[in-house]
Amino acid sequence: MDQIRPFPPTDLIDQAEEEEAIRLAPAIDLKEWVVTNFLTVGGHLHNPDHDHIAELLHDNEEFLAFAWASSAAVAKKRMVLGQCEKVMFNQGGWKKARQEQQMRDWYGFVPQYLVTVDASFCEQATDHDFCALIEHELYHIGVERDEDGEAIYSEMTGLPKHYLAGHDVEEFYGVVRRWGASENVKRLVEIAKNPPFVSDFNVSACCGTCVIG
Ligand SMILES: [Zn+2]
């Protein structure tokens, strides 16, 4: 089975350049590809860490949606290549109605989580870097866990209790240089010493590079 990874629509970036603005577009095929490869048991990149997402999507396909952005956003002087947000339109009235309409026009529903990725990065990224970006965003959809690491389920819905998760490690080089590594940084260093769990073979199997080459 040859599967080519999803690429952003070709006219998105051109059109954005013409308009000198960022353009966004729904990424329907990206969601299908993520479900097949990351969220399905037996998928080439399947990761049980995301089982709660699979379960929530199985219950309600409106749980998650994806979008392409024509270029990176700049936040806090850093390039943002991907973003995972819990869709909440706090304002009421027409502003909320307009934003919800946008979602319905794109997806046919208002998703609970929206993952947006930089199309100009994704277009040129290696399969490896593309998959790593997608998985980074998936990890932002966290599940509450008990002391044993088991997912906690809501008594009301019977579904995993999800939340927008922050990064495992956020630190300045200067702090580690001057004060040493925190427990989280130490843990990251330990993990980084091991070879990556996902092999290039897994990546090529769901991106089709070896098939094209
Ligand atoms: Zn992040």
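Whatever comes next refers back to the structure up there.
Sequence order as written defines residue numbering, which begins from 1 separately in each chain. Restriction of local features to residues with pLDDT of at least 70 applies here, the model being predicted, together with a cutoff of 80 or more for giving and counting side-chain atom pairs; totals for whole chains, interfaces and linings are based on all residues. To get the side-chain values, all heavy atoms of the structure are used, and hydrogens and water are removed first.

*Asks:* Outline the overall build of the protein, listing residues and values.
*Replies:* Only DSSP runs of H or I with at least four residues qualify as helices, and only runs of E with at least two residues qualify as strands; both kinds are numbered from the N terminus onward. Scanning the protein from terminus to terminus reveals 10 helices and 8 strands. On C-alpha atoms alone, the protein measures out to a radius of gyration of 19 Å, which is about the 17 Å that the 2.2 N^0.38 rule sets for 213 residues. When the backbone C-alpha atoms are referred to their principal axes, the protein occupies close to 50 × 45 × 45 Å. Burial analysis of the protein (213 residues in total) assigns 35% to the buried set. A 1.4 Å probe and the Shrake-Rupley method give the accessible areas. Residues count as covered only by the protein chains that appear here. Of the roughly 13,900 Å² that the protein leaves accessible, carbon and sulfur atoms contribute 53%. Counted as positive: Lys and Arg. Counted as negative: Asp and Glu, with His and the chain ends omitted from the count. To locate a charge, take atom NZ for lysine, CZ for arginine, CG for aspartate or CD for glutamate. Measuring between centres, the 18 positive side-chain charges of the protein sit 10 Å from its 36 negative side-chain charges. A radius of gyration in this sense is built from C-alpha atoms; the matching globule rule multiplies 2.2 Å by the number of residues raised to 0.38. Only protein chains enter the accessibility calculation, which uses a 1.4 Å probe. A residue is then buried if its area is under 20% of the maximum for its type, exposed if over 50%, and partly exposed in between.

*Asks:* Could you give an account of the pattern of salt bridges, with specific residues and numbers?
*Replies:* Criterion for a salt bridge: a side-chain nitrogen of Lys or Arg within 4 Å of a carboxyl oxygen of Asp or Glu. The final tally for this structure, using the stated rule, is 5 salt bridges. Here Asp127 and Arg5 are joined by a salt bridge, their closest N and O atoms 2.5 Å apart. Pair noted here: Asp127 is in helix H6 (residues 127-139) and Arg5 is in the segment before helix H1 (10-19), with a separation of 122 residues, a long-range link. Neither residue differs from the other here; Asp127 and Arg5 are each classed as buried.

*Asks:* Help me get a handle on the pairing of strand E6 (residues 113-118), residues and values and all.
*Replies:* Of all 6 residues that make up E6, 6 are buried, and the element is covered over most of its length. Neither face of E6 is exposed, since Tyr113, Val115 and Val117 on one face and Leu114, Thr116 and Asp118 on the opposite face are all buried. Any two strands with at least two DSSP-identified bridges between them are counted as paired. Of the pairings in the sheet, the one linking strand E5 (residues 82-86) to E6 comprises 5 bridges and is antiparallel in character. Note that in E6 the partner of Glu85 across the bridge is Leu114.

*Asks:* Outline the environment of Tyr163, supporting the account with residue identities and numerical values.
*Replies:* Turning to its location among the elements, Tyr163 is positioned in strand E8 (residues 162-164). Residues Tyr163 and Gly142, spaced 21 residues apart in sequence, show a C-alpha to C-alpha distance of 5.2 Å. Every residue in contact with Tyr163, bar those within four places of it in the chain, is listed here: Lys86, Tyr113, His140, Ile141, Gly142, Val143 and Glu144. Any pair of residues with heavy atoms lying within 4.5 Å of one another is described as a contacting pair.

*Asks:* Mind laying out the pairing of strand E2 (residues 64-69), listing which residues take part and the relevant values?
*Replies:* With 6 of its 6 residues buried, E2 lies for the most part within the structure. Where burial is concerned, the two faces of E2 agree: the one with Leu64, Phe66 and Trp68 and the one with Ala65, Ala67 and Ala69 are both buried. Note that strand E1 (residues 24-26) and E2 share 3 bridges and pair antiparallel. Looking at E2, one finds that Ala25 is bridged to Trp68. The pairing of E2 with E6 spans 6 bridges and is parallel. Note that in E6 the partner of Trp68 across the bridge is Val117.

*Asks:* Lay out the side chain of Ser204 with the relevant residues and their values.
*Replies:* Take Ser204: it is sitting in helix H9 (residues 200-207). Polar side-chain contacts of Ser204 include one of 2.9 Å to the backbone oxygen of Phe201. Definition of a polar contact: a pair of N or O atoms within 3.5 Å, with one able to donate and the other able to accept a hydrogen when the atoms are protein atoms, and with sequence-neighbouring residues admitted only if both atoms are side-chain atoms.

*Asks:* So what about a nonpolar patch on the surface? Which residues, and what values?
*Replies:* On the surface, Phe172, Val175 and Trp179 cluster together into a nonpolar patch covering about 400 Å² of accessible area. Residue placement: Val175 occurs in helix H7 (residues 173-179). For Val175, a relative accessible area of 31% corresponds to the partly exposed category. Two joining distances apply to patches: 9 Å for like charges and 5 Å for nonpolar side chains (Val, Leu, Ile, Met, Phe, Trp, Tyr), and every residue must have over 30% relative accessible area and no salt bridge.

*Asks:* Lay out unusual backbone geometry with the relevant residues and their values.
*Replies:* Positive phi outside glycine occurs at Glu20, with the angle close to 50°. Its location among the elements puts Glu20 in the loop between H1 and E1.

*Asks:* Help me get a handle on the sheet that holds E1, residues and values and all.
*Replies:* Hydrogen bonds along the backbone pair up the strands of a sheet, which may run parallel or antiparallel. With mixed pairing, the 4 strands of this open sheet are ordered in space as E1-E2-E6-E5. The strands lining the two open edges of the sheet, one partner per strand, are E1 and E5. The average undirected angle you get between the axes of adjacent strands in this sheet is 25°. Here the axes come from fitting lines to C-alpha atoms, over the contacting stretch only for helices, and the angles between their N-to-C directions go from 0 to 180 degrees. Along the sheet face, helix H2 (residues 28-37) touches E1, E2 and E6 and points at about 125° away from the line of E2. H6 contacts E2, E5 and E6 of the sheet and is inclined by roughly 20° relative to E5.

The analysis is restricted to geometry; functional conclusions fall outside its scope.
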